[in-house]
Amino acid sequence: MHAVWTITQKELQSYFDSLIAYIVLILFLGFSGFFTWLYGSDIFFVGQASLQGFFSVAYWTLFFFTPALTMRLLAEEKKSGTIEMLLTKAVTDRQVVWGKFLSAVILVGVALACTAPYVFTLSKIGNIDAGEILCGYAGLALMSASYISIGLYASSQTNNQIVAFLLALSIGLFFHVIFEVLAGSFVGFTSQLFALLSLSNHFDSISRGVVDSRDLVYFGSIIFVGLFLSELSLTKRNLN
Amino acid sequence: MDIHIENLTKNYGFQKAVDHISFDVKPGEVLGFLGPNGAGKSTTMKMITGYLSIGEGDVLLGGKSVRDSGDELKRHVGYLPENNPLYLDMPVIDYLGFCAALQGMNKGEIGKRIREMVRVCGLNSEKHKKIGELSKGYRQRVGLAQAMIHDPEILVLDEPTTGLDPNQIVEIRKLIRELGKEKTVVLSTHILPEVEATCDRILIINKGKIVANGTAENLRKQATGREILKLRIEDGKADDIVHELHRIKSVDIVEMVDKSMNRFEVQSNTGLSSKREIFQLCVQKGWVLSELIPLETRLEDIFRNLTMN
């Protein structure tokens, strides 16, 4: 556990040192703030004390930003060869993967925490449904963790950061929209299968305030499979 | 902690990178790992440090197999990988702290140990800079510092002196010798004088196999076996001299190197020396023996003999 935290701290440090963290935070808050309060179907236009608008904007912005956070995590280490230095320290492959995963999750957590003033402001304007808002945040957090896990896997597959970014985005796209579209264009079992795989369905149900164990299992599985495959591809250096 | 390597083998596809090699390194010993590019030095080192899995055979560190208890054993190993990969965006001190923490050192000890490594590796003037701003020599020192930060019992150094200037090379060699008094050190290099200067024992490997194993002196003895002398004899006719030299019993081959300067090369029969006889011959004939140089086989020649085929 100690090793995991050491790696997490180091990665967080380099997020902030390399300005990635600030850029992502500013862009995320800028986008979500703009569409939540100022433009389009913003809160004043809708006229309800609800953060649904924010959640649906964040649903997309986080989708694009998480691959940018994860693309360098392993790809850079592989390219510069530091992975060899890292893995010959007294750490396991799993600890490295978890440490890096946690660092990105914490950064997204910080980004979400920065939107706390939205909730505060909204509570002054009207009566908010605390449970719904909490669930919305939980949904965003789970979704981000899933994409971080996918991004980490993409990053473990290549030593080129751009490839890692695009790979993460294209895998994510399936969960984000394509499965849902497919679910709509088929009928019967196939449709149900795709609906089950679609991340947006699960996200919607959580952010409406309904926490179903099936949704938790769904996100948990994506996170677990992503991390497992990342670890596997680190270990694979041994198999050739 | 000693290193015991037993029938170690590693294949990359059909190519055998390391082919059934076995050797031991004891504490207090510096082992020099020599070999041409692609001989399997780095692969062997990567297997010792647990970066690559072991194909066949085993690596035992202090009697424990790397296969079973790899992650626990890594704590006792300090490793400087080939090309010395470093996090260029990290300041030196932070980097050393990170490495120390990963090796499971206590928080209290880390600060003290970093100061010590900074002093030992001569990093004091650069310690607050980012690693990316350092010159190659200083980066190499950072690489050495991170390998030694947790005071490991085993040090594996893959080409530790590349990129250093001659003064630094001398310092680092001294440091390695110093460390080698108590620790088990394995280092690889291309620089042959370096092996003689730092290593107690030399291991030459070629195409994944060990072709020589012993001290520099031992290797020399094995390689030559015969005495070779370079002579210059004045005041005599070259042809006469050759003729007379041939008559000495212990002499096998006489070669005229330079007729006008009366220079010769004399090879004695195996196990015999002909220095005294040559001197006496000169006295007897009234020639002046102005040069007599025993030719030592250089390590370079041994290396070439063993690895060129």
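Given the structure is predicted, the values throughout are model-derived calculations rather than measurements. (Residues numbered from 1 in each chain as written. Chains lettered and ligands numbered in written order. Predicted model: local features only at pLDDT ≥ 70, side-chain atom pairs only at ≥ 80, totals over all residues.)

Caption draft 1: View of the interface of chain A and chain B. Across the contact, 20 residues belong to chain A and 22 residues belong to chain B. Elements that contribute at least two residues to the side of chain A that touches chain B include exactly helix 1 (2–17) and helix 5 (82–87) of chain A. Counting residues per element, the side of chain A that touches chain B draws most heavily on helix 1 of chain A, which supplies 5 residues. Residues of the side of chain A that touches chain B, tallied by class, amount to 5 nonpolar, 10 polar and 5 charged. (Contact = placed C-beta atoms within 7 Å. Helix = DSSP H or I, 4+ residues; strand = E, 2+ residues; numbered from the N terminus. Nonpolar A, V, L, I, M, F, W, Y, C, P; charged D, E, K, R; others polar.)

Caption draft 2: Examining the domain arrangement of chain B more closely. Domains assigned within chain B are domain 1 (3–214) and domain 2 (225–297). On a C-alpha basis, the centroid separation for the pair domain 1 of chain B and domain 2 of chain B is 47 Å. (Domains from an automatic or database assignment.)

Caption draft 3: Representation of the sheet that holds strand 2 (residues 15–25) of chain B. Residue and element names in this part refer to chain B. On the basis of which strands lie adjacent, the open sheet formed by 4 strands has the order 2-1-4-5 and antiparallel pairing. Whereas interior strands pair on both sides, the edge strands pair on one side only; in this sheet they are strand 2 and strand 5 (64–65). When strand 4 (residues 56–61) meets strand 5, the two strands line up antiparallel, connected through 2 bridges. Its bridge partner lying in strand 5, Leu-60 is registered against Ser-65. (Pairing = 2+ DSSP bridges.)

Caption draft 4: Highlighting the environment of Met1(B). Residues and elements named next belong to chain B. Among the secondary structure elements, Met-1 is positioned in the segment before strand 1 (3–12). Look at Met-1 and you get partly exposed, because 18 C-beta atoms sit within 10 Å. Expressed as a C-alpha distance, the spacing of Met-1 and Glu-182, which sit 181 residues apart in the sequence, is 9.7 Å. Setting aside its immediate chain neighbours within four residues, Met-1 contacts Pro-27, Leu-61, Gly-62, His-76, Glu-153, Ile-154 and Thr-184. (Buried ≥ 20, exposed ≤ 12 C-beta atoms within 10 Å, placed from the backbone.)

Caption draft 5: Summary view of helix 11 (residues 299–307) of chain B. Residue and element names in this part refer to chain B. Looking only at helix 11, the buried set comprises Ile-302, Phe-303 and Leu-306. Buried residues of helix 11, viewed axially, fall in a sector of 100°; they line one side. Relative to its buried face, helix 11 has exposed residues pointing more than 90 degrees away, namely Glu-300 and Arg-304. (Arc of directions from axis to C-beta.)

Caption draft 6: Representation of the sheet that holds strand 8 (residues 184–188) of chain B. Residue and element names in this part refer to chain B. The 6 strands are arranged 6-7-8-3-9-10 in an open sheet whose pairing can be described as mixed. Two strands in the sheet have a free side with no partner beyond their single neighbour: strand 6 (77–80) and strand 10 (209–214). Averaged over all adjacent pairs, the angle separating strand axes in this sheet is 15°, with direction ignored. Relative to strand 9 (residues 201–206), strand 3 (residues 29–34) runs parallel, the two being bridged by 4 bridges. Among the inter-strand pairings, Phe-33 is bridged to a residue of strand 9, identified as Leu-203. Those strands touched by helix 1 (residues 41–48) are strand 3, strand 7 (154–158), strand 8 and strand 9, and its axis lies near 150° from that of strand 8. Of the strands in this sheet, strand 3, strand 9 and strand 10 touch helix 11, which is tilted by about 35° from strand 9. (Axes fitted to C-alpha atoms, helices over the stretch in contact; angles between N-to-C directions.)

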